[in-house]
Amino acid sequence: MSGTPDDDRLEELREKKMQELREQQQQQGGAGGAANEEAQQAAQERAEAQKKAMLQKHLTDGARQRLNAVQMSKPDFAEQVERQLVALAQSGRLQNRIDEEQMKSLLKEMQPDSKSFDIRRR
């Protein structure tokens, strides 16, 4: 600052304007991030709706009830089963609707054998 009142005032105005520009950029960046987040949320909701429609098309009521029961107790496992069913349906390998008995056998096949273990005594 050179010391004259006009130069001091000009410098203050420059700093104020720079601060306003920085704030404006931050707000635009935040708004862009929010819009991107909203787009991702919308895409995820569409994918979830598509998955539900596909499961409804390929599962009988009994099979859906069985899968919902699994969802309540083991959500991660149920999600894995749903992904597998959707993949089978998308690839065209599901010709008929899956009934409750077929769902039981599918769940048994996909269930990890984490409960079986061997205890050896020495």
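Everything that follows concerns the structure shown earlier in this document.
Membership of the largest hydrophobic core comes to 18 residues, with the highest contact counts inside it found for L59, L67, V81, L85 and M103. Sorting the residues of this core by element identifies helix 2 (61–73), helix 3 (75–91) and helix 4 (100–110) as the ones contributing at least two each. For this core, the element with the highest residue contribution is helix 3, accounting for seven residues. L85 has contacts with L55, L59, L67, L94, I98, M103 and L106, leaving out every residue within four places of it along the chain.

Helical geometry: 3.6 residues make up each α-helical turn, so side chains three or four residues apart lie on a common side. Helix length check: helix 3, at 17 residues, gives a terminal C-alpha distance of 24 Å against a target of 24 Å (1.5 Å per residue), a fit within 8%. Buried within helix 3 we find F77, A78, V81, E82, L85, V86, L88 and A89. Of the residues flanking the end of helix 3, it is G92, one or two places downstream, whose phi is positive at about 85 degrees.

Working definition: two side chains of opposite charge can pair if their charged atoms are close together. All chains considered together, the criterion is met by seven salt bridges. Here K51 and E48 are joined by a salt bridge, their closest N and O atoms 3.5 Å apart. Taken together, the residues K51 and E48, both in helix 1 (residues 5–58) and three residues apart, mark about one turn of the helix. Among the residues examined, K51 registers a relative accessible area of 11% and is labelled buried. The salt bridge partner of K104 is E101, with a shortest N-O separation of 3.5 Å. With a gap of three residues between them, K104 and E101 both fall in helix 4, about one helical turn apart.

Let us now look at the packing of helix 2 against helix 3. Viewed as axis vectors pointing N to C, helix 2 and helix 3 meet at an angle of 140 degrees, and their least axial separation amounts to 6 Å. Accordingly, the angle class assigned to the pair helix 2 and helix 3 is oblique. Between helix 2 and helix 3, the residues in contact are L67, V70, Q71 and S73 and P75, F77, A78, E79, V81, E82 and L85, respectively.

The subject of this paragraph is helix 4. Every buried residue belonging to helix 4 is among M103, L106, L107 and M110, and all of these are buried. Along helix 4, the residues classed as buried sweep out an arc of 100 degrees about the axis, all on the same side. For helix 4, the exposed residues set more than 90 degrees away from the buried face come down to E101, K108 and E109. Where helix 4 is buried, its residues contact helix 2 and helix 3.

Rules behind the numbers
- Each chain has its residues counted from 1, following the order in which its sequence is written.
- For a predicted model such as this one, the threshold for reporting local features is a pLDDT of at least 70, and the threshold for listing and counting side-chain atom pairs is 80 or more; totals across whole chains, interfaces and linings nevertheless cover every residue.
- In computing side-chain values, all of the structure's heavy atoms are included and hydrogens and water are not.
- We define a nonpolar core as any set of buried Ala, Val, Leu, Ile, Met, Phe, Trp, Tyr and Cys residues linked to one another through side-chain atoms lying within 4.5 Å.
- Burial here depends on accessible area, computed with a 1.4 Å probe over protein chains only, as a share of the maximum for the residue type. Under 20% is buried, over 50% is exposed, and the range in between is partly exposed.
- Strands here mean DSSP runs of E at least two residues long; helices mean DSSP runs of H or I at least four residues long; both are numbered from the N terminus.
- Whether two residues touch is decided by their heavy atoms; if any such pair falls within 4.5 Å, the residues are in contact.
- Given a helix with a known number of residues, its expected span is that number minus one, times 1.5 Å.
- The term salt bridge refers to a pairing of a side-chain nitrogen on Lys or Arg with a carboxyl oxygen on Asp or Glu at a separation within 4 Å.
- All axes here are fitted lines through C-alpha atoms, helices being fitted over the stretch that makes contact, and every angle between N-to-C directions spans 0 to 180 degrees.
- Convention used here: angles under 35 degrees read as roughly parallel, angles over 145 as roughly antiparallel, angles from 65 to 115 as roughly perpendicular, and any remaining angle as oblique.
- Relevant arc is that of directions from the helix axis to the C-beta atoms, nothing else.

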